[in-house]
Protein chains: 2
Amino acid sequence: MTETLKIAIAGLGTVGASTIKLLQAEPTHGGSGRNIEVVAVSARDRTRERGVDLSGARWFDDPVEMAGCDADVFVELIGGAGGAALASVEAALTSGKAVVTANKALLAEHGMRLVGMAEGANVPLLYEAAVAGAIPAIRTVRDGLAGVPISSVLGIMNGTCNYILTRMEAEGIGFDECLADAQRLGYAEADPTFDVDGFDTAHKLAILASIAFTTEIDAGAMNIEGIRGIEPADIAAAAELGFRIKLLGIATMTEDGVDQRVHPTMVPRGSALAETSGVTNAVSIRGEAFTELVLSGPGAGGMATASAVVSDLTDLARGLAPRPLGRPASSLLPFRKPQAGGHRGAFYVRLPIADRAGAFAALAKNMAAEGISLEQIVQKTPHRPEHLPPLDQQTVVLVTYPTDESALNRALAAIEAEGIVVRKPHVIRIAQTL
Amino acid sequence: MTETLKIAIAGLGTVGASTIKLLQAEPTHGGSGRNIEVVAVSARDRTRERGVDLSGARWFDDPVEMAGCDADVFVELIGGAGGAALASVEAALTSGKAVVTANKALLAEHGMRLVGMAEGANVPLLYEAAVAGAIPAIRTVRDGLAGVPISSVLGIMNGTCNYILTRMEAEGIGFDECLADAQRLGYAEADPTFDVDGFDTAHKLAILASIAFTTEIDAGAMNIEGIRGIEPADIAAAAELGFRIKLLGIATMTEDGVDQRVHPTMVPRGSALAETSGVTNAVSIRGEAFTELVLSGPGAGGMATASAVVSDLTDLARGLAPRPLGRPASSLLPFRKPQAGGHRGAFYVRLPIADRAGAFAALAKNMAAEGISLEQIVQKTPHRPEHLPPLDQQTVVLVTYPTDESALNRALAAIEAEGIVVRKPHVIRIAQTL
């Protein structure tokens, strides 16, 4: 165990450069007694200044070619579900190298195949950095709660969305303005779809759910709704009701399968998730034996993500080789999506309705017809400058008692059919007990 | 790896019984492919009903004798820093058994010797359950942040104290009444010294600090102050100032050593630690690379603690054997306590002073003489029923700007020497940036 652990790093963005900085700054490498040496690197642009000394590393233009070099560990920090990331990880596993990756899209879409390859080659495949940045979410579910039944895993797993929602609330501004600002500050990509439409959260959730519930990874079987539909009016209403709106990934073990969902959720103020602001992430894990564990910390950023990469490398330097999913892939259950019928819970509904006699009665009638009880009904007239004529529409905000999502959807369709709704109703789930 | 992992459990209180329940309920044992069988048990009272089936286990009246049986793992849940716990763990390590323990006092006082024995015998010594119950604090520091520099570890690590402080605030009642109630409800021991005077927190902190800062465990070199001195007036004043009072264990890496302290601290409302209420624990870990991680969850209770015991057993069943302190004990630095000079920070001071001319001026003069600037001065006359004569004393509450603890102590001694202080001043540190 005293020989050098030789690593090859593919992708030298902020995470790659930060990983090298952390490795160079820590001479004892977690007390493993082994030197960790970066023997090879690969990136698109050889000339870019990255603030780290790469003179000792062999340069590869092609990460797939690098995967065949004489390193012990291949560190994939390229990103993306396919392309060079997939090809190089496959090549590295085929050549018998351990792989450390921060790539949630890759694992969410090709995880089971890659895990199978790693197990077949008897090499580790570690990916702590793929979920929630510096938060040791993977280890906590895989090891810290190993052998202890888990009932749900949920959390704020996308810093971009949480940053936008936090600013919308703090400054009362709209989604578009907030997104533009986040892009200017580097908290959101030029193409923000992946983050703000919930796909990034979905990938992370699918990985966590697999380990928590010992089922195969399946990112396809998921209802995904992002935060584009959230308006300042919703955030203000949430505040009045004692909630905050957060984009949550939620995986719950049910009697007939694993319910995986990503959607904006109203969470009670004062709860750990509601108080998680800005780019911070938080993961909540529940089980009968341990009630609830909450882990919070920076979910993104070069150094934060690199610290998770380095923890995986230190495991390898120490000679620890946990299985990719904690247990043999062959012992995992196939992923089962629960039967339709949907979520049961309380809902917030914002309905822009025509301001005409009978509209309110039609609304109440259709809710009652589906057996939906209303906890709160707030009727609001939008604020208009005095020199403008009054609008002929109003916004009605409803809060339901717990009901079936399918019943609510039928009621809303019936209300729309009455022609009293000016725009599509906006529904946000309420988590009473987070 | 398909043979049965045989374990012997010493101590069948709530944690022991809960551990057996969790093991019996989880047939796949974390996907290890190994059966975990309780082959031997030991406890004081053989006849007590524990709600678990012990028919397959051999009974030992003497845990030291059991340590020599043919089990693979000795699970010590007896408790206490010496006595049967120490003797049986030593015997188990001597006989080459892996040891899993929940015993913080044992590790804080004899940790280095036991770690040396375990390393000498090349067997694991695991103790996730010893710190913060179900929260994977040990793993997070030992593995999840391995190779990443840590600057501080601090937290709420005693559920009894946090329960008492939470109730004192919620109900405005005094320490003694709260303690009696906690004892009645089973949240505090008949002899509460160990918890309320901070020793339990100190033990846990010493263990965490050792792993975080790669120094030998030293629970002796610590300033420890418990919560007996906290009065409702302090809690009310904290609320007015925007803080909550929490008993924190705080370990910080300084230039000349590891500063370990246990004392009541005012933490800003809205911070994760301030919002940790009741018997919940929370651990905050900081480092430059990852800013701050916060882990919260149940810090005590049979099932919560058992879930940590089971995670260690699952590591062993999976064939993972992390080193007790993450790295070889021989590579640890000797514990170094920082030079005297004490803590620098802002302080809250409650001074019951005589209500006479000049008292206030004397107070201000002595603070100024030590260069201490005051951020707030609040003068309060205790509430008295109208039929009683007015008191001849007042309470002055001061909040200082950051200052050296030694300067404050000199100023308070000078103020006391002036004869204007009716009772000893009460000082609480303020953590501005938690």
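Residues numbered from 1 in each chain as written. Chains lettered and ligands numbered in written order. Predicted model: local features only at pLDDT ≥ 70, side-chain atom pairs only at ≥ 80, totals over all residues. Heavy atoms only, no water.

## Observations concerning the sheet that holds strand S2 (residues 36-42) of chain B
Residues and elements named next belong to chain B. Across the sheet, six strands lie side by side as S3-S2-S1-S4-S5-S6; this open sheet has parallel pairing. Edge positions in the open sheet fall to strand S3 (58-60) and strand S6 (125-126), since each of these has one partner strand only. Pairing geometry for strand S4 (residues 73-76) and strand S5 (residues 98-101), over four bridges, is parallel. Across the sheet, residue Phe74 finds its bridge partner in S5, namely Val99. Helix H1 (residues 14-25) rests against strand S1 (5-10) and S2 of the sheet, and its axis sits at about 160° to S2. (Pairing = 2+ DSSP bridges. Helix = DSSP H or I, 4+ residues; strand = E, 2+ residues; numbered from the N terminus. Contact = heavy atoms within 4.5 Å. Axes fitted to C-alpha atoms, helices over the stretch in contact; angles between N-to-C directions.)

## So, the UniProt feature "binding site: NADPH" (unreviewed entry) in chain A
Residue and element names in this part refer to chain A. With numbering matched to this structure, UniProt assigns "binding site: NADPH" (unreviewed entry) to Lys104. Mapping Lys104 onto the fold places it in helix H4 (residues 104-121). Owing to a relative accessible area of 23%, Lys104 belongs among the partly exposed residues under this scheme. The contact partners of Lys104, leaving out residues within four places of it in the chain, are Ala130, Asp200, His203, Lys204 and Ile207. (UniProt positions renumbered as here; feature names shortened; annotations may be inferred. Buried < 20%, exposed > 50% of the residue type's maximum accessible area, 1.4 Å probe, protein only.)

## Section: the relation of the copies chain A and chain B
If you rotate chain A by 180° and push it 0.0 Å along the axis, it lands on chain B with an RMSD of 0.0 Å. Classification of the inter-copy transformation places it as that of a two-fold axis. Taking the C-alpha atom as reference, chain A places Leu295 of chain A closest to the rotation axis, 2.3 Å from it. Mapped onto chain B, 100% of the interface residues of chain A are again interface residues, and the two copies thus contact each other with one and the same surface. (Least-squares fit on C-alpha atoms with pLDDT ≥ 70 in both.)

## With respect to the environment of Pro27 of chain A
Position of Pro27 of chain A among the secondary structure elements: in the loop between helix H1 (14-25) and strand S2 (36-42). Counting along the chain gives 349 residues from Pro27 of chain A to Gln376 of chain A, while the straight-line C-alpha distance between them is 60 Å.

## Concerning the sheet that holds strand S1 (residues 5-10) of chain A
Residue and element names in this part refer to chain A. Taken together, six strands build an open sheet; the order of strands is S3-S2-S1-S4-S5-S6 and the sheet is parallel. Sheet topology places strand S3 (58-60) and strand S6 (125-126) at the edges, where each strand pairs with a single neighbour. Examined bridge by bridge, strand S5 (residues 98-101) and S6 share two bridges and lie parallel to one another. Across the sheet, Val100 pairs through a bridge with Leu126, a residue of S6. In the packing of helix H3 (residues 83-94) onto the sheet, contacts are made with strand S4 (73-76) and S5, and the angle to S4 comes to roughly 170°.

## Some words on the interface of chain A and chain B
Much of the literature gives interface size as the accessible area that the parts lose upon coming together. Counting from both sides, the interface comprises 42 residues of chain A and, opposite them, 42 residues of chain B. For the pair chain A and chain B, the summed buried area comes to about 3,200 Å², and 58% of that belongs to carbon and sulfur atoms. Our enumeration of links across chain A and chain B arrives at two salt bridges. Those elements that provide at least two residues to the side of chain A that touches chain B are helix H5 (137-144), strand S12 (291-298) and helix H11 (302-317) of chain A. With eight residues, the single largest contributor to the side of chain A that touches chain B is S12 of chain A. By the bridge criterion, three bridges tie S12 of chain A to strand S12 (residues 291-298) of chain B in an arrangement that is antiparallel. Paired with Leu295 of chain A across the strands is Leu295 of chain B, a residue of S12 of chain B. (Buried area = accessible area lost by both parts, 1.4 Å probe. Salt bridge = Lys/Arg side-chain N within 4 Å of Asp/Glu carboxyl O.)

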